[in-house]
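Residue-level structure breakdown
Residues per chain, in single letters:
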Number of protein chains: 2
Amino acid sequence: MHASEVGTPALIVDLSALDRNLSLMADAASRLGVDLRPHAKTHKCVEIAHLQLNLGAAGIACQKASEAEVFVDGGVGDVLISNEIVGRDKLARVAELAQRATIAVCVDTVSNVADLQAAAEEAGSSIGVLVELNTADYRAGVATGEPVVRLAAEVVKADSLRFAGLQAYNGPAQHMRSYQDRQSSVAEVGRAVERSLSLLGREGIRCDTVTGAGTGTYDLDPIGGLFTEVQPGTYVFMDADYAENRNASDEPFRNFEQSLHVSATVMSRRPGVAVLDAGSKAIAMGNGLPVLAAETDGVFERFGDEHGTLRVPDDHAVRLGDQVRLIPYNCDPTVNLHDWLVGIRGEVVECVWPVAARGAIL
Amino acid sequence: MHASEVGTPALIVDLSALDRNLSLMADAASRLGVDLRPHAKTHKCVEIAHLQLNLGAAGIACQKASEAEVFVDGGVGDVLISNEIVGRDKLARVAELAQRATIAVCVDTVSNVADLQAAAEEAGSSIGVLVELNTADYRAGVATGEPVVRLAAEVVKADSLRFAGLQAYNGPAQHMRSYQDRQSSVAEVGRAVERSLSLLGREGIRCDTVTGAGTGTYDLDPIGGLFTEVQPGTYVFMDADYAENRNASDEPFRNFEQSLHVSATVMSRRPGVAVLDAGSKAIAMGNGLPVLAAETDGVFERFGDEHGTLRVPDDHAVRLGDQVRLIPYNCDPTVNLHDWLVGIRGEVVECVWPVAARGAIL
C-alpha cells in the first residue's frame with residue numbers, strides 16, 4: 001500500500017527517520033554516560049517502546065497510572081511514572097502493577113508517601129519512589145533543601161517503598177530557544193540537585209538515581225555528572241515547537257529529524273485558499289499551529305474542529321483531493337488524538353501500530 | 001456510585017441540565033417553525049442523538065464519513081454530513097451508508113458532484129446533496145450567485161443524486177459577543193441565501209431546504225423565514241466560549257445551562273498553587289483555557305499535556321486529593337479526547353455513555 005492510499009487525516013511515521021532518531025539518542029546517552037529512559041508519553045505506542053528497549057533503554061517513563069498499565073501489559077518490565085499519583089484507586093492500580101514489573105512514582109508530599117505505603121502493603125508489592133524537585137516553579141515537586149530530605153526519610157522508613165532517587169525535570173528549559181539560556185537554566189537546576197544530594201548524604205540517605213531531561217536538554221543535564229538518567233520523549237518524532245530551538249552555534253536545532261507528519265487532504269479550494277480535512281480533532285492546537293512540510297508552499301492560517309485553512313500563493317499547484325503533510329506544533333497531544341501510527345519506508349506502508357495508550361489519562 | 005468516585009480526569013454530564021437544554025432547543029425550533037437537526041459533532045454519542053430524535057429532531061448532522069457511520073450503525077436513520085467529502089474511499093463509504101439510511105452531503109465544486117454520482121451509482125444508492133454557501137469567507141463553500149445555480153443544476157442532472165438544498169452555516173457569527181453583531185452578520189447571510197434561492201427559482205430548480213445555524217444564531221437565522229432547519233450542537237453541553245456571548249439586552253448569554261464539566265483532582269499543592277491532573281490530553285486548549293466551575297475560586301493559569309496549574313488565593317481551602325470541576329473553553333474537541341461521558345443526576349452516577357464517534361476523523 002502506498003502512503004497516499006491511507007485515509008486522511010492520519011499520523012504518518014517515516015520509519016527510517018524514526019530509526020535514526022532512536023539510534024542517535026541511544027548513542028548520545030551512552031556517550032554522555034547516562035541511562036536512557038525514553039518518555040513514552042510522546043508515542044504512547046508499545047512497539048516503539050520495544051524499539052527503544054532493544055537499543056538499550058533502561059525502561060520507559062510515563063505520566064499516568066493507566067499509561068503504565070498499557071506498557072506493562074505490553075511487556076515493558078521497568079516503568080517510571082514521572083508524576084505524582086493521588087487517590088486510593090489509582091494508587092491501588094500502581095501497587096498492583098508493581099507486583100509484575102519494576103514500578104516507580106514521584107512524590108512531593110508526606111501524606112502521599114503514607115498513601116503509597118498503604119497501597120503497596122495491601123498489594124504485597126514494593127514501589128520505587130522518587131522525590132520530585134520543583135524546578136523553576138514548573139508544575140509539581142518540592143523546594144530544594146529540607147523538604148527533599150524529609151520526604152526521602154519518610155520513604156526510607158516505609159517498609160513497602162524503595163527510595164529511588166530524585167526527579168528533576170527542567171520543563172521550562174526544554175523550549176528556551178537559545179542554547180545559552182537552556183544551559184543557564186540547566187546549571188541552576190544542577191545546583192539545586194547538588195544541594196539536595198549533599199543534604200541527603202549528610203543524613204546518610206543514599207541516592208542512586210537523578211533523572212530528568214527532555215529532548216531540549218538531554219545533552220546539557222548530564223554534563224555536571226549529577227544526572228544518572230535522561231527521559232527525552234519528543235526526539236522520536238520531533239515537532240514544530242522544538243524546531244524553533246537553536247543549537248550552540250545559534251543554528252536551528254536539528255539534532256533529530258522530523259519523522260512524524262499528519263497527512264491531510266485538500267477538501268475545498270479557491271483562489272489563495274486550500275481547506276484541509278484536518279483541524280483540532282486531528283492536530284493539537286493548544287500551543288501553536290502546525291507547519292507545512294517543506295514540499296508544500298503556504299501557511300496554515302486557522303482551524304476549526306475538522307478544518308484547517310491554508311493560505312497559498314494564487315498560482316499554487318495544490319489541487320482539490322491532493323494530500324499535504326503537516327508538522328504538528330506539539331507531537332505528544334497530537335498523537336493522543338489518533339488511534340494508529342502508520343509507519344512508512346520510502347512511501348510504502350510497512351506497519352500500522354496502535355496508539356495503545358491513547359486516551360490513557362487516568 | 002457517587003460522582004466523586006469517578007476517576008479523574010473525566011467528562012461529567014449533569015443529566016437534568018442536559019434534559020433541560022434538549023427540551024429548550026426542541027421547543028425553540030418548534031416555536032420558530034424550523035426543523036431541528038442537532039449537530040452530533042459536539043457529543044459524538046449515539047445515546048444523546050436518540051434523546052434528540054425522541055424530542056422531534058429531524059435527524060442529525062455530522063462532519064465526517066466515519067462519524068456518519070457510527071450514528072447510522074447506532075440506529076439514526078437520517079444524517080446530514082454538513083461538509084464536503086473528497087476522495088474515492090470516503091465517497092464509497094458515504095454511498096454505502098446511503099443504502100441503509102437517508103444521507104446527504106455538501107458540495108462546493110463540480111468535480112465533486114461527478115465523483116459523488118459515480119460512487120452512488122456504483123453502490124446503487126441515492127445521496128442527497130446540498131450546495132454549501134461560503135458565508136463570510138469561513139471555510140469551504142461557493143460564492144452566492146451563478147456558482148450556486150451551476151452546482152445545483154449538476155446535482156439535478158445526476159441520476160443517483162438528489163438536490164437537497166442549501167447549507168448556509170454562518171460560522172463566524174456564532175461567537176460574535178454582541179447580539180447586534182450576530183444579528184447583522186445573520187442578515188447578511190440571509191441576503192446571500194435569498195439571492196441564491198431567487199436564482200435557483202429562475203432556473204426552475206426547487207429548493208426545499210435551507211439549513212445552517214449554530215448555538216449562537218439558532219434564534220436569529222430562522223427569523224427571515226428562509227431557513228427551514230437549524231443545526232446547533234453545543235447547546236447540549238455549552239462551554240466557556242459561548243458563555244462569553246451576550247444576549248439582546250447585553251446580558252450574558254444563558255439560554256442554555258453548562259451541563260458538561262471535566263472533573264480533575266488536585267495532585268500537588270503549594271501556597272497559591274493547586275496542580276490538577278488534567279492538561280491538554282483531557283481538555284482541548286486550542287482556543288482558550290478552561291474556567292473553574294462556580295464553586296471553586298481560582299484561575300486556570302497554564303497547562304502541560306497532563307497538568308493544569310490553578311492560581312488560588314493563599315488561604316484557599318482546596319486540598320491535595322480534592323476534586324474540582326472545569327468548564328472547557330470548547331466542548332466539541334474536549335469531548336473528542338475522552339472515551340466516556342459519565343451522566344450524573346444530583347451527584348449520583350446514572351449512566352456511562354461511550355463517546356462512540358471519538359476519533360472518527362476520516
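Residues numbered from 1 in each chain as written. Chains lettered and ligands numbered in written order. Predicted model: local features only at pLDDT ≥ 70, side-chain atom pairs only at ≥ 80, totals over all residues.

Focus: helix α6 (residues 146–157) of chain A
Residue and element names in this part refer to chain A. Spanning twelve residues, α6 covers 17 Å between terminal C-alpha atoms, matching the ideal 16 Å at 1.5 Å per step. By the burial criterion, the buried members of α6 are Val148, Leu151, Ala152, Glu154 and Val155. For α6, the angular spread of buried residues about the axis comes to 155°, placing them on one side. Pointing more than 90 degrees away from the buried face of α6 are the exposed residues Glu146 and Lys157. On its buried face, α6 is in contact with β5 (102–107), α5 (110–123), β6 (127–132), β7 (161–167) and α8 (179–202). (Helix = DSSP H or I, 4+ residues; strand = E, 2+ residues; numbered from the N terminus. Expected span 1.5 Å × (residues − 1). Buried ≥ 20, exposed ≤ 12 C-beta atoms within 10 Å, placed from the backbone. Arc of directions from axis to C-beta. Contact = placed C-beta atoms within 7 Å.)

Some points on the interface of chain B and chain A
Every contact between the two is made by 42 residues of chain B and, on the other side, 42 residues of chain A. Contributions of two or more residues to the side of chain B that touches chain A are made by β4 (78–84), α4 (88–97), β10 (260–270) and α9 (331–335) of chain B. Examining the composition of the side of chain B that touches chain A, we find that three residues originate from one element, β10(B), more than from any other. Considering only residue class, the side of chain B that touches chain A consists of 13 nonpolar, 17 polar and twelve charged. (Nonpolar A, V, L, I, M, F, W, Y, C, P; charged D, E, K, R; others polar.)

Quick word on the sheet that holds strand β9 (residues 229–230) of chain A
Remark on secondary structure: sheet strands pair via backbone hydrogen bonds, oriented parallel or antiparallel. Residue and element names in this part refer to chain A. What the eight strands build is an open sheet, ordered β2-β9-β8-β7-β6-β5-β4-β3; its pairing is parallel. Taken across any chain shown, the strands that pair with only one partner, and hence form the sheet edges, are β2 (35–36) and β3 (60–62). In this sheet, β9 lies alongside strand β8 (residues 210–212) in parallel orientation, the contact comprising two bridges. Bridge pairing in β9 links Thr211 to Glu229. (Pairing = 2+ DSSP bridges.)

With respect to the relation of the copies chain B and chain A
Each copy of the chain is related to the other by a rotation around an axis and a translation along that axis. With an RMSD of 0.0 Å, the fit of chain B onto chain A corresponds to turning through 180° and sliding 0.0 Å along the axis. The transformation relating the two chain copies, once decomposed into turn and shift, fits a two-fold axis. Relative to the rotation axis, the closest C-alpha in chain B is found at Gly286(B), a distance of 2.0 Å. (Least-squares fit on C-alpha atoms with pLDDT ≥ 70 in both.)

What to know about unusual backbone geometry
Residue and element names in this part refer to chain A. Here the residue pair Thr8 and Pro9 is connected by a cis peptide bond, since its omega of -5° sits within 30 degrees of zero. Residue position: Pro9 is located in the segment before β1 (10–14). Its identity is not glycine, yet Lys44 carries a phi of approximately 55°, on the positive side. By the element assignment, Lys44 lies in the loop between β2 and α2 (46–54). Owing to 26 C-beta atoms within 10 Å, Lys44 belongs among the buried residues under this scheme.

What to know about the domain arrangement of chain A
Residue and element names in this part refer to chain A. Segmenting chain A into domains produces domain 1 (3–9 + 254–354) and domain 2 (15–238). Each of domain 1 and domain 2 has a C-alpha centre, and the two are 32 Å apart. At the interface, 15 residues of domain 1 touch 19 residues of domain 2. Listed by contribution, the elements that provide at least two residues to the side of domain 1 that touches domain 2 are α9 (331–335), β16 (340–345) and β17 (348–354). The dominant element in the side of domain 1 that touches domain 2, judged by the number of residues it contributes, is β16, at four residues. When its residues are assigned to classes, the side of domain 1 that touches domain 2 shows seven nonpolar, four polar and four charged. (Domains from an automatic or database assignment.)

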